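Residue-level structural notes
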Amino acid sequence: MEPGLRCHLCGAQELALAHWQPGIRIAAKNVDERFDVATRLCRRCGLVQTLPQPPGELLARFYAGQHRDLFIDDGSGTRTPGEGSRRDQLHWLRHALGSLFGLRVLEVGCYDGYLLSLIEAEGASCTGVEPSLAAAELAREQRGLDVRTGLLEEVSLPESHFD
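All of the points below concern the structure found in this document. Keep in mind it's a predicted model, so treat the numbers as computed, not measured. (Residues numbered from 1 in each chain as written. Predicted model: local features only at pLDDT ≥ 70, side-chain atom pairs only at ≥ 80, totals over all residues. Heavy atoms only, no water.)

1. Remarks on the sheet that holds strand S4 (residues 104-108)
We apply this condition: Strands are treated as partners if at least two bridges between them are detected by DSSP. Only runs of H or I of at least four residues qualify as helices and only runs of E of at least two qualify as strands under DSSP, and these elements are numbered from the N terminus. Under this scheme, a helix contributes an axis fitted over its contacting stretch, all axes are lines through C-alpha atoms, and angles between N-to-C directions fall in the 0 to 180 degree range.
In space, the 3 strands of this open sheet follow the order S4-S5-S6, with parallel pairing throughout. The two strands at the open ends of the sheet, each matched to only one other strand, are S4 and strand S6 (146-149). Within the sheet, the average angular offset between the axes of one strand and its neighbour, ignoring direction, is 20°. Pairing of S4 with strand S5 (residues 125-130), which is carried by 5 bridges, proceeds in the parallel orientation.

2. A word on the state of the cysteines
What counts, and what does not: Any two cysteine sulfur atoms within 2.5 Å of one another count as a disulfide.
Following the criterion strictly, the structure yields 0 disulfides and no others. The thiol sulfur of cysteine 7 is not disulfide-bonded, and the nearest other cysteine sulfur, from cysteine 45, lies at 3.6 Å.

3. Considering helix H3 (residues 114-121)
The line we're drawing: To sort residues, take the accessible area from a 1.4 Å probe on protein chains only and compare it with the maximum for the residue type: under 20% means buried, over 50% means exposed, and anything in between is partly exposed. Any two residues whose heavy atoms approach within 4.5 Å at even a single point are treated as in contact.
Most of H3 is tucked away: 6 of the 8 residues are buried. Taken as a whole, H3 has its buried residues at Tyr114, Leu115, Leu116, Ser117, Leu118 and Ile119. Here the buried face of H3 lies against helix H2 (83-97), S4, S5, helix H4 (133-143) and S6. At the C-terminal side of H3, glycine 123 shows a positive phi close to 100°.

4. As for the pairing of S5
Sheet faces and side chains relate simply in a regular strand, where the side chains alternate between the two faces. Heads up, the condition is: Crossovers are described as right-handed under a simple rule: with the strands pointing away from the observer, the path leading from the first strand over the helix to the second runs clockwise.
Counting buried residues along S5, 5 of its 6 residues qualify, which places the element largely inside the surrounding structure. Note on the crossover from S4 through H3 to S5: the handedness is right-handed. Of the strand pairs in this sheet, S5 and S6 are connected by 4 bridges, and their pairing is parallel. Within S6, the position partnered with threonine 127 by the bridge is aspartate 146. Tracing the backbone out of S5, into H4 and back to the parallel element S6 gives a crossover that is right-handed.

What follows is the structure, encoded as structure tokens:
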């Protein structure tokens with residue numbers, strides 16, 4: 001556990017490392033940088049989150065310069081890029097949380113909604129938040145998901161609604 005890291009939801013420092021992805025590449029117009037992604041589970045409230053997060057200015061440049069990339073399902077019916085890791089994440093969620101049936105799930109940064117669609121197929125009620133307009137549109141149009149476009153701080157969500 002890195003000193004100073006706190007849960008975005010409840011502020012606890014009781015965070016378990018769930019998944020580590022070193023050297024993830026953010027590549028978009030005017031951006032080509034690498035950073036490590038640590039996915040953590042708050043042992044107090046159960047929030048799954050990326051901590052530490054990439055700097056806000058890097059994410060803003062990434063989403064502003066992004067049009068469409070390899071991680072978006074193009075609807076061709078071929079294997080979805082990132083499918084294996086999303087199925088791994090679903091397996092981890094089942095293991096960590098038990099049944100997903102009946103849960104009200106909010107995925108922040110849901111991209112094209114692939115993981116969210118897997119969670120919804122488990123019987124959860126799902127909502128996503130995604131800053132990429134192209135990815136959010138695909139999630140809505142191709143997967144029929146409730147995905148709000150923008151940053152978490154910018155979208156309207158019901159209070160105390162999600163599990």
